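# Structure at a glance
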Amino acid sequence: VTVVSIRTHLAEIIAKDLVEPRAGAPLTLDVAQLGPDGGAIEDIALGAPDGPGLSITRADLRWRIDPWTGFIDITALKLEGVELRAALRPDGTLDLGPIAPFLAQADGPKRVRLNGLDASGVIVRLATSRGVATARIAATGGETGGWRIAAREMMLPQGLRVGPAA
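Residues numbered from 1 in each chain as written. Predicted model: local features only at pLDDT ≥ 70, side-chain atom pairs only at ≥ 80, totals over all residues. Heavy atoms only, no water.

## Brief notes about the environment of I74
Note the cut-off: Strands here are runs of E lasting at least two residues and helices are runs of H or I lasting at least four, both read from the DSSP assignment and numbered beginning at the N terminus. Here a residue-residue contact requires only that any non-hydrogen atoms of the pair lie within 4.5 Å.
Residue placement: I74 occurs in strand β4 (residues 72-88). As for I74 and V31, which are separated by 43 residues in sequence, their C-alpha atoms are 16 Å apart. Beyond its immediate chain neighbours, meaning those up to four positions away, I74 contacts L61, R62, W63, V112, R113, L114 and N115.

Rendered as structure tokens:
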């Protein structure tokens, strides 16, 4: 057992302890690299093992930690092999499953800020009453400079149309 393996194992435990209670779903991951200003995480799955709501093959990230406040600024996050499963409820609202709590407005001050997101080739599978719609999107940006999301491809079930909101 090495210091590196102990450190990565502790990082995995901390990540699970931070994410699982908020998501209300299990998290699995493998910390592949970890350093004082960045790391890499592989085989991330959030949600049921047989069909996670979010899966990511690899996440490479860089961060800065303010030594006085402990505030974490994620300055770069490159995601590969991302698949998001969501559902369109009969009332028309979107169910993002276990990632929904992370998109909601947080109570109190934020401790982490995300900037430098690069997630191209994200596959979104949206379950609807007419079948599953699939889209390939790219998401970039961050909290400081704004977010950009662009659809690259869409496959819709028969009878499902996409148009402007009424």
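## As for the side chain of T134
Position of T134 relative to the elements: it lies in strand β8 (residues 131-142). Ignoring anything within four residues of it in the chain, the contact list for T134 reads I123, V124, R125, E153, M154 and M155.

## With respect to a nonpolar patch on the surface
The criterion, for reference: The patch calculation keeps residues exceeding 30% relative accessible area without a salt bridge and links them within 9 Å when they carry like charges or within 5 Å when they are nonpolar (Val, Leu, Ile, Met, Phe, Trp, Tyr). Here the open area of atoms and residues is found with the Shrake-Rupley method and a 1.4 Å probe, where only the protein chains shown may cover a residue. Any carboxyl oxygen of Asp or Glu within 4 Å of a side-chain nitrogen of Lys or Arg constitutes a salt bridge here.
A surface patch of nonpolar side chains, about 470 Å² in accessible area, is lined by I6, L10, I13, I14 and L18. On the secondary structure map, L10 appears in helix α1 (residues 3-23).

## Description of the side chain of E83
Condition: Identification of polar contacts relies on pairs of N or O atoms within 3.5 Å, with a donor-acceptor requirement for protein atoms, meaning one able to donate a hydrogen and the other able to accept it, and with residues adjacent in sequence counted only if both atoms are side-chain atoms.
One can find E83 in strand β4. One polar contact links E83 to R125, side chain to side chain, over a distance of 2.9 Å. Among all residues touching E83, those that are not within four sequence positions of it are G53, L54, S55, I123 and R125.

## As for the pairing of strand β2 (residues 38-46)
Within a regular beta strand, the side chains point alternately toward one face of the sheet and then the other, so they alternate between its two faces. The condition is simple: Here, strands pair whenever DSSP counts at least two bridges between them.
Pairing of strand β1 (residues 27-35) with β2 involves 7 bridges; the strand directions are antiparallel. Among the inter-strand pairings, Q33 is bridged to a residue of β2, identified as A40. Between β1 and the antiparallel strand that follows it, β2, lie 2 residues. Two strands pair when backbone bridges link them, and β2 and strand β3 (residues 54-65) are joined in this way by 8 bridges, in the antiparallel orientation. Looking at β3, one finds that E42 is bridged to R58.

## Observations concerning the environment of L126
Here L126 is to be found in strand β7 (residues 117-128). Dropping the residues within four chain positions of it, L126 is found in contact with A86, A87, L88, L94, G131, V132 and A133.

## Re unusual backbone geometry
One non-glycine residue, D43, lies in positive phi territory at about 50°. Positionally, D43 belongs in strand β2.

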